[in-house]
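# What the coordinates show
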Amino acid sequence: MNETPGADEIRAMVTRHISEAMLVPIKDVVPSARLFSDLKAESIDIVDLRFRVEGELKMKIDQRAMIDSLGKDLTADEFDSRFTVGFIIEYVVRHFAADRSPA
Amino acid sequence: MSAGPRPQRVALVTGGSRGIGRAICRRLARSGIGTIIVNYLENEAAAAVTRQEVEAMGAVAHLLPANLAHPSEIDGLFDCIAQITERLDVFVHSAALGAFKPLSLLKANQWDLSMAVNARSFLLCVQKCVPMMPQGAVVAVSSLGGRRAVPNYGAIGASKAALEAMIRQLAMELAPRGIRLNGVAGGLIETESIAKFPDYHSMVKSVIEATPAGRIGQPDDIAEVVAFLISPEARWIHGQVLVADGGFSLM
């Protein structure tokens, strides 16, 4: 990507990387899909996804901050239900924009 | 004519913010290396602790984050190193990452990630180091999983086997240039990363029972071997992977 991508381009790009990192068909990568329960992600796949997105967008994603932004003291079920494709995509869109906004 | 004071030696350590890498940074500083360049992925707080420990030994520490999974970030890392020094004397590859699961269930992307960080990045870093090393020593941190079957360690084990093959090959290629390459393979070492293993506690117990020396390895045990391998006393050792495991692999 040579020019600064817009939000929709980022959404498409993250969707593609989720498909590739989770090895699932892109048609299954819908906003409501839960990474762990629905797409059968493993923790190493989340690292892989992050590296792919960081590499393409030349940005850094603080994985701990991302997880923390889901909420505090979540049960395993709450975490699973909130850690969705839609959450990840919008987190990346938001932080990509914040990274590039003037201080 | 006086040769003047000998310049202080400079070392690069990948994966230097925690565990074995941090112990190596600390040990290299103690051995008199004047500048330690500490590469790490992202944990700035941990890297700051490494810096503190290195500086407490009287050496200078430079913290350089880079994700070694990306060749472009390795390029960037060495661009930053070039701003600090024209010469490297020591390179230690301690960065590692991988999936802890049966190899028979490993997915292609998980294989790729383990190989990229543990093996490919070593090659790319060595290629970058060579022009900066009129002579020098390189040590890669391997593990017993590179030559033995270890439960849930297939991905990392395969990458360590590749690492060890590269140590031998590069040692042959670079010895004429005055660069020695070796490796150290530990058994189970007590670090934060290893605590992520499934069944960590039962594994530690069984490893201790199977280790003649009667304990689990510590990061400093590996760091001491690294210090030896880069020392002049190891000058005739080329392309070897020294096992340091308290005798675990003897049984």
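Across its full length, chain B carries seven helices and seven strands. Counting from the amino terminus, helix and strand elements in chain B follow one another as β-α-β-α-β-α-β-α-β-α-β-α-α-β. Relative to the compact-globule value of 18 Å for 251 residues, chain B shows a C-alpha radius of gyration of 17 Å, a close match. With the C-alpha coordinates aligned to their principal axes, the bounding extent of chain B is approximately 60 × 40 × 40 Å. Of the contacts made within chain B by residues no fewer than 6 positions apart, 73% connect residues no fewer than 24 positions apart.

A word on the sheet that holds strand E4 (residues 90-93) of chain B. Residue and element names in this part refer to chain B. Pairing is parallel in the open sheet, where seven strands are placed in the order E3-E2-E1-E4-E5-E6-E7. At either margin of the open sheet sits one strand with a lone partner, and together these are strand E3 (60-65) and strand E7 (241-244). Each neighbouring strand pair of the sheet contributes to a mean axis angle of 20°, computed without reference to strand direction. Summarising the sheet, E4 and strand E5 (residues 136-143) pair through four bridges and their orientation is parallel. Bridge pairing links histidine 93 to alanine 140 in E5. In the packing of helix H2 (residues 44-56) onto the sheet, contacts are made with strand E2 (35-40) and E3, and the angle to E3 comes to roughly 165°. Helix H4 (residues 108-129) contacts strand E1 (10-14), E4 and E5 of the sheet and is inclined by roughly 175° relative to E4.

All names here are of chain B. One way to put it is that helix H1 (residues 19-30) packs onto helix H7 (residues 219-229) with a least axis distance of 8 Å and a crossing angle of 50°. The angle between the axes of H1 and H7 places the two elements in the oblique class. Classified by chirality, the crossing of H7 by H1 is right-handed. Along the contact surface, H1 presents Gly19, Ile20, Arg22, Ala23, Ile24, Arg26, Arg27 and Leu28, while H7 presents Pro219, Asp220, Ile222, Ala223, Glu224, Val226 and Ala227. Grouping the amino acids of the contact of H1 with H7 by side-chain chemistry returns nine nonpolar, one polar and five charged.

Turning our attention to the interface of chain B and chain A. Taken residue by residue, the interface counts eight residues in chain B and ten residues in chain A. Across the side of chain B that touches chain A, the residue classes break down as three nonpolar, four polar and one charged.

All names here are of chain A. Its identity is not glycine, yet leucine 23 carries a phi of approximately 55°, on the positive side. The topology assignment puts leucine 23 in the loop between helix H1 (7-22) and helix H2 (43-57). If you check the backbone angles, aspartate 73 has positive phi at about 50° while not being a glycine. You can see aspartate 73 is positioned in the loop between helix H3 (63-68) and helix H4 (76-82). Take aspartate 73: there are 5 C-beta atoms within 10 Å of it, and that puts it in the exposed class.

What counts, and at which threshold
- Residues numbered from 1 in each chain as written.
- Chains lettered and ligands numbered in written order.
- Predicted model: local features only at pLDDT ≥ 70, side-chain atom pairs only at ≥ 80, totals over all residues.
- Helix = DSSP H or I, 4+ residues; strand = E, 2+ residues; numbered from the N terminus.
- Rg over C-alpha atoms; globule rule 2.2 N^0.38 Å.
- Contact = placed C-beta atoms within 7 Å.
- Pairing = 2+ DSSP bridges.
- Axes fitted to C-alpha atoms, helices over the stretch in contact; angles between N-to-C directions.
- Parallel < 35°, antiparallel > 145°, perpendicular 65-115°, else oblique.
- Left-handed = near helix turned anticlockwise from the far one by under 90°.
- Nonpolar A, V, L, I, M, F, W, Y, C, P; charged D, E, K, R; others polar.
- Buried ≥ 20, exposed ≤ 12 C-beta atoms within 10 Å, placed from the backbone.

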